[in-house]
Amino acid sequence: MTSTITNVQVANSTCSNYSKDRKVGEGTYAVVYLGKQLSTDRRTAIKEIKTGLFKDGLDMSALREVKYLQEMKHENVIELIDVFSASNSLNLVLEYLPCDLEMLIKEQSIIFKPSDIKSWILMTLRGVHHCHRNFILHRDLKPNNLLISPSGQLKLADFGLARSLGNPGEDLTSNVVTRWYRAPELLFGARHYTEAIDIWAVGIIFAELMLRTPYLPGKDDVDQLDVTFRALGTPTEQNWPNVSSLPLYNSLRVYPPPSRQELRNRFSAATEKALDLIIQMTQLDPNMRCASTEALLHDYFLEMPRATDPSELPQMPSKKKSEKNEPPQKKVKV
Amino acid sequence: MSELRRDEKEGENGNSQRTFPSIVQVARPFFTSAELKHLHSFTIPDHKKLSYNQRKHQIYHFVFNIVRVLKFPLRVLATTMNYYQRYYLFNSFEEASDGEEPDFEKDPYTVALACLFLAFKNEDCIKKLKDIQSVGNKMREVDDKVKVHNMSYADAQRKVIMHMEFKLLQVIKFDFKNGSNVQSVDQLVVKIGKKLGIDYKTTMFCWLISFDIMSTPLCLVIPPHCIALAIIIVSLNLKPKDLNTKYNKADAPTSPEYLNSILEKIDCYEDFRCPETLVNEGILYILDYYVHQMSFSILNEFMPAVDAETGKEQIFKFMELKSRFNDLKVLSQKSCNNYSILNQDEYLKIWDYNIGSKGCSRFILGIKRRRFNLELDAVEKGAIEDENGSDNAEEDSSRVVSPST
């Protein structure tokens, strides 16, 4: 699409009034433009979805994104501002968020204070809690999908894999979540899972924020099991009843669960309460893992230091402020 | 709850700036029966009403079989039926001619496949279009390898389905929630039944009704939880005794007094967040349906022809109940009960798919969201600035005050 301006003026101004300024990325099913809402000068990201070009029509992830984002409005969830169709393409107008948590983690020049980490985890949990109380699973939490607004607010983005909570007896695909953040029940190929998979991912992100390097970087699906259990111990029938009946539970190398002291050494900067929260969020048995409510009420958030105010959180150094919104390289998962 | 603002202006301003027609569509998941009638008057001419209904039943049977072969939950079927009926609110119903070259655009079966395709996606039961096509075509005994329009039947059909999917998305106004985020009626009746402590037989009776009602346009009128509650109330009133079901659970028959006590305790709004008028609307619709179509219904197959207690045919029980419910308060249709009012509603027009290609159409779920304040403020500010500067000021500011001319 070459036209730059969709110039429309409608009474009451409930009109589409967006400019597409610059192409910032192209993915399998969408092109992302940087734009502006002309009436308010608000910066937006416009995802133009190519409809009808592909063999399976409207992409599932586009449909999910619209379906779930339309429903939710929360400070810590990306806002879907508009959906409009023009020239036979479908456009999603999303909030413009220039930065993501992964960029910050990788930026060596920034030092994270304990209160900064607390603030990010708190905002992540608030967003996750909002999804869960609406019975929505995000299913793709990772630092790269936690976007940061110019004012420092962290927002969950990329709802391309989200779905509503499964009904009993309904099979869900276990091939979700980027590998490093995949909960053990998913690694074992469970056909039914719950919000706990999102909590696991948050736990791993928490660890990554402290370590400044991915916590469980498996090279492939088999290695992921090994890496995960080397760090957290191999699940057994004792600490996770019925685990052995999951499809992919076989011939595992048995690692002992880490002692508290080992974890203390690994996360040398963590306070006892922070460690507690990580342990609760990364329980191997999904039934033992804490829910988003419990996590939000955890003592870690009550102890000093207080979480940094979003506006005071570290930002990307301005020269490197690349204008990236949503990485458009979507995985299509069936 | 939903409303439409539409304004088309095509360069009448005379300024050099290019302007496009634009339209804002607020998703309207439900219609009153008067509105449905009004819409159908454009899309289904009187002489085609009968064939529309007959075809609808054939199509539903067809879709049901596909869903069954592919082993997908019933809610997929419910969504498909909803989409199919919605499609014909805004698109004229035409029968495919039996000529040599199949005309996919008009073929209701293609519409059904497109609806099914989108419903699969929306209900998170993903299936490749190719698979849906092959199951469907095999069922209709269509050879999808024959050449039509210089390509294979399947490819030609696929192309049209893709195109239709996009049309369908506009028909549903990108509202994937269908106005509510509760489950489908068949799941809800079972859940509500369990919550109220209703026995197996009565719940089964409810489920059978839900299966019948699924194919009616009631899903375009009231939300699923209200339909479900209406079904429960109807069943509790009828207190079915003899139901021929495959699995007859041998629990002790519940006494009518017990069912009555449940019935009395139901508080539509407090317990289930169902506005009473909507539930009443549902109750009357269900009773009407059985009074008129008892012999075609699925429920009928599971009941003995004659009610043991009264010695009369089953239909009389429904008629009797209906007469008792005659004075229920239902939806007021004052705002849409005559042609001139309905005609003013721009939403109820055959949808012009070209708007999106000439200008743009914007789809929103509701108008309650705060962001409009921002936009409104901006426009008001703009209007004031215009007043000071440009000659068009008067026109522009009046536009803000009175939306449509």
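None of these values were measured; they are calculated from a predicted model.

Quick look at the overall build of chain A
Across its full length, chain A holds nine helices and ten strands. In chain A, buried positions account for 61% of the 334 residues. In chain A, of all internal contacts separated by at least 6 residues, the share reaching a separation of at least 24 is 64%. Put simply, chain A shows about 13,300 Å² of open surface, and 53% of that area lies on carbon and sulfur atoms.

Quick word on the packing of helix 9 (residues 224-238) of chain B against helix 10 (residues 256-265) of chain B
The description of two helices packed together rests on the angle between their axes and the distance between the axes. All names here are of chain B. One can describe the packing of helix 9 onto helix 10 by two numbers: an axis separation of 9 Å at closest approach and a directional angle of 150°. Crossing angle aside, the handedness with which helix 9 passes helix 10 is left-handed. Of the residues in helix 10, those in contact with I233, L236 and N237 of helix 9 are L259, I262 and L263.

A closer look at the sheet that holds strand 8 (residues 146-148) of chain A
All names here are of chain A. Here we have three strands laid out as an open sheet, ordered 6-8-9, and antiparallel in their pairing. Because the sheet does not close on itself, it has two edges, and the strands there are strand 6 (99-100) and strand 9 (154-156). Here three bridges tie strand 8 to strand 9, and the two strands are oriented antiparallel to one another. Residue pairing across strands places L146 opposite L156, the latter belonging to strand 9. Across the sheet, helix 3 (residues 114-133) is in contact with strand 8 and strand 9; its angle to strand 9 comes to roughly 30°.

A short note on the UniProt feature "binding site: ATP" (unreviewed entry) in chain A
Residue and element names in this part refer to chain A. UniProt annotation of "binding site: ATP" (unreviewed entry) refers to V24, G25, E26, G27, T28, Y29, A30, V31, V32 and K47 when read in the numbering used here. Take V31: it is sitting in strand 2 (residues 30-37). For V31, a relative accessible area of 7% corresponds to the buried category. For V31, the contacting residues outside a window of four places in its chain are K23, G25, E26, I46, K47, E48 and K50.

Structural notes on helix 6 (residues 221-232) of chain A
Residues and elements named next belong to chain A. With twelve residues, helix 6 should reach 16 Å at 1.5 Å per residue; the first-to-last C-alpha distance of 17 Å fits that figure. Listing the buried residues of helix 6 in full gives D223, Q224, L225, V227, T228, F229, A231 and L232. Here helix 6 starts with a cap whose side-chain oxygen sits 3.0 Å from the backbone nitrogen of V222, and that cap is D220. Of the residues flanking the end of helix 6, it is G233, one or two places downstream, whose phi is positive at about 90°.

What to know about helix 2 (residues 49-69) of chain B
Residues and elements named next belong to chain B. The terminal C-alpha atoms of helix 2, which comprises 21 residues, lie 30 Å apart, in line with the 30 Å expected from a rise of 1.5 Å per residue. Among all positions in helix 2, only Y52, K56, I59, Y60, F62, V63, N65, I66 and V67 are buried. If you follow the buried residues of helix 2, they end up packed against helix 1 (33-43), helix 3 (74-90), helix 4 (108-122) and helix 5 (129-139). Immediately beyond the C-terminal end of helix 2, within one or two residues, lies K71, with a positive phi of roughly 55°.

Observations concerning empty space enclosed by the protein
Empty space among the atoms becomes apparent when a probe as large as a water molecule is rolled across them. Residue and element names in this part refer to chain B. As enumerated under the stated definition, the model contains six cavities of 30 Å³ or more in all. Taken as a whole, the largest cavity holds about 90 Å³ of empty space. Lining the largest cavity are F205, L238, P240, K241, D242, M303, P304, D307, A308, Q314, K317 and F318. It is helix 14 (residues 314-324) that provides the largest number of residues to the lining of the largest cavity, a total of three residues. The class makeup of the residues in the lining of the largest cavity is seven nonpolar, one polar and four charged.

What about the nonpolar core?
Counting 209 residues, the largest nonpolar core has L101, W120 and F206 of chain A together with F318 of chain B as its most contacted members. Setting aside chain neighbours within four positions, we find L101 of chain A in contact with W120, P143, L146, I148, L154, I205 and L209 of chain A.

Looking at the pattern of salt bridges
Residues and elements named next belong to chain A. Summed over all chains, the structure comprises 23 salt bridges over all chains. Across the pair E185 and R289 runs a salt bridge whose closest N-O atoms are separated by 2.8 Å. Of the two residues, E185 sits in helix 4 (residues 184-187) while R289 sits in the loop between helix 8 (272-281) and helix 9 (292-296), which places them 104 residues apart along the sequence. A residue is classified by how much of its surface remains accessible, and E185, at 3% relative accessible area, is buried.

Structural notes on the state of the cysteines
Simply put, the disulfide is a covalent bond whose two ends are the sulfur atoms of two cysteines. Residues and elements named next belong to chain B. One pass over the structure, following the stated rule, counts zero disulfides over all chains. With no disulfide of its own, C268 lies closest to C274 among cysteine sulfurs, the gap being 6.4 Å. By relative accessible area, which is 10% here, C268 ends up buried.

A short note on the layout of surface pockets
Residues and elements named next belong to chain B. Roughly 1,400 Å³ of volume is contained in the largest pocket. What lines the largest pocket is a set of 37 residues, and nearest its centre among them are K56, S215, T216, P217 and Q293. Of the residues assigned to the lining of the largest pocket, the class counts are 18 nonpolar, twelve polar and seven charged. If you count residues domain by domain, the lining of the largest pocket takes at least three from each of domain 2 (33-171) and domain 3 (185-332).

Here's the deal with the confidence of the model for chain A
Residues and elements named next belong to chain A. For chain A, per-residue confidence averages 83 on the pLDDT scale, and residues scoring 70 or more make up 86% of the total. For chain A, strand 1 (residues 18-26) is the element with the lowest average pLDDT, namely 77, and helix 5 (residues 196-211) is the one with the highest, namely 95. With pLDDT under 50 throughout, residues 1-15 is counted as low confidence; its partners more than four residues away or in other chains account for 50 contacts. Of the regions scoring below 50 in pLDDT, residues 320-334 engages in 47 contacts with residues more than four places distant in sequence or in other chains.

Some points on the packing of aromatic side chains
All names here are of chain B. The final tally for this structure, using the stated rule, is 20 aromatic pairs over all chains. An angle of 85° between the planes, with centres 5.2 Å apart, marks the rings of Y52 and F93 as edge-to-face. Linking Y52 in helix 2 with F93 in the loop between helix 3 and helix 4, this pair joins segments that are 41 residues apart in sequence. You'll find Y52 and F93 in the same group, each marked buried. Following the ring pairs from residue to residue traces out a cluster consisting of Y52, Y60, Y84, Y87, Y88 and F93. R140 extends its terminal NZ or CZ atom over the ring of Y109, reaching a point 3.8 Å from the ring centre. In this structure, K173 packs its charged tip against the face of F90, placed 5.1 Å from the ring centre.

Some remarks on a negative patch on the surface
On the surface, a cluster of negative charge is made up of D267, E270, D271 and E276 of chain B. Relative to the assigned elements, D271 of chain B resides in helix 11 (residues 268-272).

Rules used in this analysis
One numbering rule holds for all chains: residues counted from 1, following each sequence as written. Throughout, the order in which chains and ligands are written sets their labels, letters from A for the former and numbers from 1 for the latter. Where local features are concerned, this predicted model is filtered to residues with pLDDT of at least 70; where side-chain atom pairs are given and counted, the filter is 80 or more; whole-chain, interface and lining totals use all residues. Think of the side-chain values as coming from all heavy atoms in the structure, minus any hydrogens and water. Strands are runs of DSSP state E lasting at least 2 residues, helices are runs of H or I lasting at least 4, and numbering of each runs from the N terminus. Burial classification: accessible surface area is computed with a 1.4 Å probe over protein chains only, and a residue below 20% of its type maximum counts as buried, one above 50% as exposed, and the rest as partly exposed. The criterion used for residue contact is that any of the two residues' heavy atoms lie within 4.5 Å. All accessible-area figures derive from a Shrake-Rupley calculation using a 1.4 Å probe, and residue coverage is judged against the displayed protein chains alone. Only the stretch in contact is used when a helix axis is fitted, and all axes are lines through C-alpha atoms; the angle between N-to-C directions ranges over 0 to 180 degrees. Each crossing gets its handedness from the near helix: less than a right angle anticlockwise from the far helix is left-handed, clockwise is right-handed. Two strands form a pair only when DSSP identifies at least two bridges running between them. UniProt positions are given in the numbering used here, feature names are shortened, and annotations may be inferred rather than shown by experiment. Here the expected span of a helix is defined as 1.5 Å times the quantity of residues minus one. As used in this structure description, the phrase polar contact means that two N or O atoms lie within 3.5 Å; if the pair is within protein, one of them must be able to donate a hydrogen and the other to accept it, and residues adjacent in sequence are counted only when both atoms belong to side chains. Cavities and pockets were defined on a 1 Å grid built from protein atoms only: a cavity is a group of points that admits a 1.4 Å probe but offers it no way out, a pocket is an open group of points flanked by protein on both sides within 12 Å along at least five of seven lines, and a lining residue is one with an atom within 4 Å of any such point. Grid points are joined across faces, edges and corners, and a volume is the space filled by probe spheres set on the points. All residues other than Ala, Val, Leu, Ile, Met, Phe, Trp, Tyr, Cys, Pro, Asp, Glu, Lys and Arg, Gly among them, are scored as polar; the first ten of these are nonpolar and the last four charged. Take the buried residues of types Ala, Val, Leu, Ile, Met, Phe, Trp, Tyr and Cys, join any two whose side-chain atoms come within 4.5 Å, and each joined set is a nonpolar core. We define a salt bridge as a contact between a side-chain nitrogen of Lys or Arg and a carboxyl oxygen of Asp or Glu at a distance within 4 Å. The definition used for a disulfide is geometric: two cysteine sulfur atoms within 2.5 Å. These domain boundaries are the output of an automatic or database domain assignment. Predictor confidence is given residue by residue as pLDDT, running from a minimum of 0 to a maximum of 100. Each Phe, Tyr or Trp ring, with Trp reduced to its six-membered ring, pairs with another whose centre is within 6.5 Å; inter-plane angles below 30 degrees give stacked pairs, above 60 give edge-to-face pairs, and intermediate values give tilted ones. Two thresholds decide whether a charge sits over a ring: the Lys NZ or Arg CZ must be within 6 Å of the ring centre and within 35 degrees of the ring normal. Here the term patch refers to residues with relative accessible area over 30% and no salt bridge, with like charges joined within 9 Å and nonpolar side chains (Val, Leu, Ile, Met, Phe, Trp, Tyr) within 5 Å. Counted as positive: Lys and Arg. Counted as negative: Asp and Glu, with His and the chain ends omitted from the count. To locate a charge, take NZ of a lysine, CZ of an arginine, CG of an aspartate or CD of a glutamate.

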